[in-house]
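Residues per chain, in single letters:
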Amino acid sequence: GAGVSQTPSNKVTEKGKYVELRCDPISGHTALYWYRQSLGQGPEFLIYFQGTGAADDSGLPNDRFFAVRPEGSVSTLKIQRTERGDSAVYLCASSLAGLFTDTQYFGPGTRLTVL
Amino acid sequence: KQEVTQIPAALSVPEGENLVLNCSFTDSAIYNLQWFRQDPGKGLTSLLLIQSSQREQTSGRLNASLDKSSGRSTLYIAASQPGDSATYLCAVTRYGGATNKLIFGTGTLLAVQP
């Protein structure tokens, strides 16, 4: 595609519910990243995929957070038993091969609000 | 642990002024440093990327410098315009890290008044 897309753009849910956030990377990009941006803060790294595998999940805050990329393209971030503190903008980025010289291209984000 | 700080948190200037945004990082072992722009409701757009071996990069009215030894970078914007109003973020990648994940600062919210 022309750029990284994320759906939905906004998600409002109640505390304790399960949510899924979707990311469509740029076609042909093997590297995919998830970041979380809380209000007034910079984005914080969550997880990095190289192809279908999670090469670095050190940023996931706890075991309520999980992400998959089964076919090496679209990725889904899954949050179980949501808490009010999970409210944030979730950003997805992709790069060509995950090399240190590659630019990361960001999507517009999904704004998650947990009531 | 790498920490990235940006000062000021917010800045308002009249149109036409030259301005400087500051970014500092605690660990000088970086691979590169990037400056991003973030508009409300939109993703991040990469403005400039400086490799650790470089001192500066320029693009149009933007000039970014890097002093790795002191852990500092500046973004200079010449002849500011209202369209420059946005949040500016700097981010580093750790040298020797397994991945090129970005470590971001907290951002500077810039408002250019017409």
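Residues numbered from 1 in each chain as written. Chains lettered and ligands numbered in written order. Predicted model: local features only at pLDDT ≥ 70, side-chain atom pairs only at ≥ 80, totals over all residues. Heavy atoms only, no water.

Draft legend 1. Region of interest: the sheet that holds strand β6 (residues 56–59) of chain B. Residue and element names in this part refer to chain B. With antiparallel pairing, the 5 strands of this open sheet are ordered in space as β1-β3-β8-β7-β6. Here the strands that pair on one side only, and so sit at the sheet edges, are β1 (4–7) and β6. In this sheet, adjacent strand axes meet at a mean angle of 15 degrees when their direction is disregarded. Relative to strand β3 (residues 19–25), β1 runs antiparallel, the two being bridged by 4 bridges. (Pairing = 2+ DSSP bridges. Helix = DSSP H or I, 4+ residues; strand = E, 2+ residues; numbered from the N terminus. Axes fitted to C-alpha atoms, helices over the stretch in contact; angles between N-to-C directions.)

Draft legend 2. Highlighting the side chain of N63 of chain B. Residue and element names in this part refer to chain B. Secondary-structure assignment places N63 in strand β7 (residues 62–67). In this structure the side chain of N63 is engaged in a polar contact, spanning 2.9 Å, whose partner is the side chain of E56. Polar side-chain contacts of N63 include one of 2.7 Å to the side chain of T58. N63 has contacts with L48, E56, Q57, T58, T74, L75 and Y76, leaving out every residue within four places of it along the chain. (Polar contact = N/O pair within 3.5 Å; in protein donor to acceptor, adjacent residues only side chain to side chain. Contact = heavy atoms within 4.5 Å.)

Draft legend 3. Representation of the state of the cysteines. A complete count under the given rule lists 2 disulfides over all chains for this structure. Residue pairing for C23 of chain A: its cysteine sulfur links by disulfide to C92 of chain A, the two sulfurs lying 1.8 Å apart. Taking the sign of the S-S torsion, about -65 degrees here, the bridge from C23 of chain A to C92 of chain A comes out left-handed. With C23 of chain A in strand β3 (residues 19–24) and C92 of chain A in strand β9 (residues 88–95), this pair connects stretches of sequence that are 69 residues apart. One exposure class covers both C23 of chain A and C92 of chain A, and it is buried. The partner cysteine of C23 of chain B in its disulfide is C90 of chain B, sulfur to sulfur 2.0 Å. The chirality of the disulfide connecting C23 of chain B with C90 of chain B is right-handed, given an S-S dihedral of about 75 degrees. (Disulfide = S-S within 2.5 Å. Buried < 20%, exposed > 50% of the residue type's maximum accessible area, 1.4 Å probe, protein only.)

Draft legend 4. Structural detail: the interface of chain B and chain A. The partner chain A presents 22 residues to the 21 residues of chain B that form the contact. Roughly 1,700 Å² is buried in total at the junction of chain B and chain A, and carbon and sulfur atoms are behind 56% of that figure. Looking only at chain B, the three residues that lose the most surface to chain A are T99, N100 and K101 of chain B, adding up to 32% of its buried area. In this structure, the connection of chain B to chain A is made through 1 salt bridge. We note a salt bridge from K101 of chain B to D56 of chain A, for which the minimum N-O separation is 3.3 Å. Applying the counting rule to chain B against chain A returns 9 residue pairs in polar contact (both at pLDDT 80 or more). Secondary-structure elements contributing two or more residues to the side of chain B that touches chain A are β4 (30–38), β5 (44–51) and β9 (86–94) of chain B. Among the residues forming the side of chain B that touches chain A, the class breakdown is 6 nonpolar, 12 polar and 3 charged. (Buried area = accessible area lost by both parts, 1.4 Å probe. Salt bridge = Lys/Arg side-chain N within 4 Å of Asp/Glu carboxyl O. Nonpolar A, V, L, I, M, F, W, Y, C, P; charged D, E, K, R; others polar.)

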